[in-house]
Amino acid sequence: MDESPSDHDTQTAVQRATEWGRAQAERAKDRFETMREQVTIIDVGARVYERDKEAGGTLLGSALALRLFLFFMPFVLLVVGLAGVLGGPTDGSATSESAGISGTLREYVDDAFAQSGKTPWLALAIGLVGVGTTGWSLTRAMVLSSALSWRMGGRQRMPVRALGMVIGLIVSGSLSAAIVNRINQATGAAVASLSLVGMTAIYAVFWLLIFQALPRTTTDPGASLPGAAFVGVVLAVLQSVTQFYLPQQVSSSSQLYGQLGVLVAFLGWFFFIGRSVAFACALNAVIYEQVGSVSTLFFALPVIRLIPRRVPAVGRYFALDHEPDGDDDDKDAPAGPGALPEVGLR
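All values derive from a computational prediction rather than experimental measurement.

## Some words on the nonpolar core
Then, in step 1: Formed by 41 residues in total, the largest nonpolar core has its most connected members in Leu138, Met142, Trp207, Phe211 and Phe270.
Then, in step 2: Elements supplying a minimum of two residues to this core: helix H3 (57-87), helix H6 (119-149), helix H7 (160-187), helix H8 (189-213), helix H9 (225-244) and helix H11 (259-290).
Then, in step 3: For this core, the element with the most residues is H3, which contributes ten residues.
Then, in step 4: Beyond its immediate stretch of four places on either side in the chain, phenylalanine 270 contacts Ala65, Leu68, Phe69 and Phe72.

## Considerations on unusual backbone geometry
Then, in step 1: Despite not being glycine, arginine 151 shows a phi value in the positive range, around 55°.
Then, in step 2: Among the secondary structure elements, arginine 151 is positioned in the loop between H6 and H7.
Then, in step 3: The exposure class assigned to arginine 151 is partly exposed, which follows from its relative accessible area of 22%.
Then, in step 4: Phi is positive for valine 303, close to 70°, though the residue is something other than glycine.
Then, in step 5: Inspection of the secondary structure puts valine 303 in the loop between helix H12 (294-298) and helix H13 (306-310).
Then, in step 6: By relative accessible area, which is 65% here, valine 303 ends up exposed.

## As for H6
Then, in step 1: Here H6 spans 44 Å end to end across 31 residues, near enough to the 45 Å set by a 1.5 Å rise per residue.
Then, in step 2: Of the residues one or two after H6, arginine 151 is the one with positive phi, at around 55°.

## Comments concerning the pattern of salt bridges
Then, in step 1: Counted by the stated rule, this structure contains six salt bridges.
Then, in step 2: Note that arginine 36 and glutamate 50 form a salt bridge whose closest N and O atoms lie 2.9 Å from each other. Of the two residues, arginine 36 is situated in helix H1 (residues 5-38) and glutamate 50 in helix H2 (residues 40-54); the sequence distance between them amounts to 14 residues.
Then, in step 3: Using a relative accessible area of 11% as the deciding quantity, one classes arginine 36 as buried.
Then, in step 4: For glutamate 50, a relative accessible area of 37% puts it in the partly exposed group.

## Things to note about the packing of aromatic side chains
Then, in step 1: Under the defined criterion, the tally for this structure stands at ten aromatic pairs.
Then, in step 2: Ring centres 5.5 Å apart and planes at 85° place the aromatic pair tryptophan 269 and phenylalanine 270 in the edge-to-face group.
Then, in step 3: Note on tryptophan 269: relative accessible area 23%, which makes it partly exposed.
Then, in step 4: According to the relative accessible area criterion, phenylalanine 270 is buried, its value standing at 6%.
Then, in step 5: Counting every residue linked through ring pairs, the aromatic cluster contains Phe69, Phe72, Trp269 and Phe270.

## Quick notes on the side chain of aspartate 220
Then, in step 1: Following the sequence through the fold, aspartate 220 ends up in the loop between H8 and H9.
Then, in step 2: Among buried Asp, Glu, Lys and Arg side chains, aspartate 220 stands out as unpaired, with arginine 216 the closest opposite charge at 7.0 Å.
Then, in step 3: Sequence-distant contacts of aspartate 220, that is, excluding residues within four places in its chain, are made with Gln212, Tyr288, Ser293, Ser295, Tyr317, Phe318 and Ala319.

## A look at a negative patch on the surface
Then, in step 1: Among the surface-exposed residues, Glu26, Asp30, Glu33 and Glu37 lie close enough to one another that they form a single negatively charged patch.
Then, in step 2: Checked against the element boundaries, glutamate 26 lands in helix H1.
Then, in step 3: Residue classification places glutamate 26 among the partly exposed residues on the basis of a relative accessible area of 48%.

## Quick notes on H2
Then, in step 1: End to end, H2 covers 21 Å across 15 residues, agreeing with the expected 21 Å (1.5 Å per residue, within 8%).
Then, in step 2: For H2, every residue scored as buried is listed here: Asp43, Val44, Ala46, Arg47, Val48, Arg51, Asp52 and Glu54.
Then, in step 3: Following H2 by one or two positions, glycine 56 has its phi on the positive side, about 70°.

Definitions and limits used
- Throughout this description, residue numbers start from 1 for each chain and increase along the sequence as written.
- Only residues with pLDDT of at least 70 get local features here, since the model is predicted, and only at 80 or more are side-chain atom pairs given and counted; chain-wide, interface and lining totals rely on the full set of residues.
- As a convention, hydrogens and water are excluded, and side-chain values are obtained from all of the structure's heavy atoms.
- We define a nonpolar core as any set of buried Ala, Val, Leu, Ile, Met, Phe, Trp, Tyr and Cys residues linked to one another through side-chain atoms lying within 4.5 Å.
- Throughout this description, buried means an accessible area under 20% of the type-specific maximum (1.4 Å probe, protein chains only), exposed means over 50%, and partly exposed covers the range between.
- By definition, any uninterrupted DSSP run of H or I lasting at least four residues is a helix, any uninterrupted run of E lasting at least two residues is a strand, and each is numbered from the N terminus.
- Only heavy atoms matter for contacts: two residues are in contact if any of them lie within 4.5 Å across the pair.
- Every helix has an expected span of 1.5 Å times one less than the residues it contains.
- One side-chain nitrogen of Lys or Arg within 4 Å of one carboxyl oxygen of Asp or Glu is enough to make a salt bridge.
- Aromatic rings from Phe, Tyr and Trp, with only the six-membered ring used for Trp, were paired whenever their centres fell within 6.5 Å, and each pair was classed as stacked if the ring planes differed by under 30 degrees, edge-to-face if by over 60, and tilted otherwise.
- Positive residues here are Lys and Arg, negative ones are Asp and Glu, while His and the chain termini are left out of the count.
- To count toward a patch, a residue needs a relative accessible area above 30% and no salt bridge. Like charges then connect within 9 Å, nonpolar side chains (Val, Leu, Ile, Met, Phe, Trp, Tyr) within 5 Å.
- Each accessible area value is a Shrake-Rupley result obtained with a 1.4 Å probe; residue values ignore everything except the protein chains displayed when judging cover.
- Positions of charges follow a simple convention, taking NZ of Lys, CZ of Arg, CG of Asp or CD of Glu.

Listed below in structure tokens is the structure:
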């Protein structure tokens, strides 16, 4: 069947539009590459995105989110059991209120605190085992994310101290959330908002310690500072949302969707955390390789610059002789797009 003139005109118009779109995309790509060569921050941002994609940041972020969620469940059970063993009968409602727990989850916590007899000891035992096993899996995922971001391969030995750092972070984060919630109840949202600024710094310090315990190509703490600051800001923002917005939403979603709504809400919260941690690993690696470490600027200050000269071990620990790689960033990259090294995530 012969094509009608109108059909031919339509195909021609579609072809021209497709060619025009490809031409515009090529021009945009060329302009972006030119900007990368001229503006350092754009080049670094593009390299962070490429490194995160190369290291499977989305996949590992999802894996971290799931492991964070699985860690949180036995951790709550551990806290409930510990409170029952040490303090005896405890007011579960007051504890839930101070910790900022609401909705269906609060009902579970209140019921757990109301138990007596051998129940606290059973909760404590199950919580300890659960925290140990899920904490090990969570730390393993963090080790893998850091190793891939620093291009060290996927077969890395997991430091035991990293496991302790992860557990310590969650404990301190829970305590800090309870403190901020208490401040919010006593003084109002304005003062609690100011306290979140201090919590950002505290979170950043804890994540700096965690990143120091993960595999990297340098011992310099300054190399872990950008990612630690990024995760600290993300956690502070999430905590502000949790304190001022999420309780009402979780309560309403639990009424509307039941337990499934609460589960989705918490999984979404943990996904943001896991994704930010995976991205922070790539951020640390690229900034250190392309720009250098803040330690170099610190030890360039008057008087302080004398410390590495008199104590060479300080200079070696902070890698003060490190030079940014510049355009050699991709020399050790995998052979093709999306080609990840052999990994082992258990």
